[in-house]
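If you want the building blocks of each chain, they are given just below.
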Amino acid sequence: MHNNFKELAVAYVKQAVEEDSTRNYAKAFSLYINALPYFKTHLKYEKNSIIKETITQKFVEYLSSSEEIHIVVDDGGGGTTSNGDAIVASCTKSKPKNRGREGDDRENVKLTVDLI
């Protein structure tokens, strides 16, 4: 049954990436957030340490993507927009704020996943 969790998570992430690429950030954010619990549940049951590490890295990557999208959505760029350059600029402006904490955030996520 644990394979079902991974499949569901991957399906959500594929949709999220598709929405992200079409600049529908609010929908992409929602899909990323829906995928994360499925990854966490799958990690509970995964026995292979290599697969577990790979999924943990992806989990961190998707969590980071959702945080970046959340910033864009909070700044008013939630839907599909014709002004994609402004949204991209706001994403790049927000990245330096997190740069100092990026390692800490990833470590916190890893510790959280390990606790599960």
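Residues numbered from 1 in each chain as written. Predicted model: local features only at pLDDT ≥ 70, side-chain atom pairs only at ≥ 80, totals over all residues. Heavy atoms only, no water.

Here the focus is the overall build of the protein. Along the protein, the regular secondary structure elements total five helices and zero strands. The N-to-C order of helical and strand elements in the protein reads α-α-α-α-α. Among the 116 residues that make up the protein, the fraction classed as buried is 28%. Considering only contacts in the protein between residues 6 or more positions apart, those separated by 24 or more positions represent 65%. (Helix = DSSP H or I, 4+ residues; strand = E, 2+ residues; numbered from the N terminus. Buried < 20%, exposed > 50% of the residue type's maximum accessible area, 1.4 Å probe, protein only. Contact = heavy atoms within 4.5 Å.)

Turning next to helix α3 (residues 49-74). An α-helical turn contains 3.6 residues, so a residue and the one three or four places further along point in the same direction. With 26 residues, α3 extends 37 Å from end C-alpha to end C-alpha; this agrees with the ideal 38 Å at 1.5 Å per step. Those residues of α3 lying buried are Ile55, Thr56, Phe59, Val60, Tyr62, Leu63, Ser66, Ile69 and Val72. With a side-chain oxygen lying 2.9 Å from the backbone nitrogen of Ile50, the N-terminal cap of α3 falls on Asn48. Just past α3, the residue Gly76 takes up positive phi, approximately 95°. (Expected span 1.5 Å × (residues − 1). Polar contact = N/O pair within 3.5 Å; in protein donor to acceptor, adjacent residues only side chain to side chain.)

Membership of the largest hydrophobic core comes to 17 residues, with the highest contact counts inside it found for Val13, Tyr32, Leu36, Phe39, Phe59, Tyr62 and Ile69. Within the residue set of this core, elements represented by two or more residues are α1 (2-21), α2 (25-45) and α3. Counting residues per element, this core draws most heavily on α2, which supplies eight residues. Dropping the residues within four chain positions of it, Ile69 is found in contact with Asp20, Tyr25, Ala28, Phe29 and Tyr32. (Core = buried A, V, L, I, M, F, W, Y, C linked by side-chain atoms within 4.5 Å.)

Further remarks concern the packing of aromatic side chains. What the rule picks out here adds up to five aromatic pairs. Relative to Tyr45, the ring of Phe5 lies with its centre 6.4 Å away and its plane at 10°, an arrangement referred to as stacked. Pair noted here: Phe5 is in helix α1 and Tyr45 is in helix α2, with a separation of 40 residues, a long-range link. Judged by its relative accessible area of 45%, Tyr45 falls in the partly exposed class. (Phe/Tyr/Trp six-rings, centres within 6.5 Å; stacked < 30°, edge-to-face > 60°.)

Turning next to the pattern of salt bridges. All told, the structure shown has one salt bridge when counted by the stated rule. Measuring nitrogen to oxygen at the nearest pair gives 3.4 Å for the salt bridge that ties Glu61 to Lys58. With Glu61 and Lys58 both in helix α3 and three residues apart, the pair spans about one turn of that helix. On the basis of relative accessible area, Glu61 is assigned to the partly exposed category, the value being 39%. (Salt bridge = Lys/Arg side-chain N within 4 Å of Asp/Glu carboxyl O.)

For the rest of this paragraph, the subject is the environment of Lys52. Locating Lys52 in the fold gives a position in helix α3. Classification of Lys52 as partly exposed rests on a relative accessible area of 29%. Residues Lys52 and His42, 10 residues apart in the sequence, show an inter-C-alpha distance of 8.8 Å. Sequence-distant contacts of Lys52, defined by excluding residues within four places in its chain, comprise Leu43 and Glu46. At a separation of 3.5 Å, a polar atom in the side chain of Lys52 contacts the main-chain carbonyl oxygen of Leu43.

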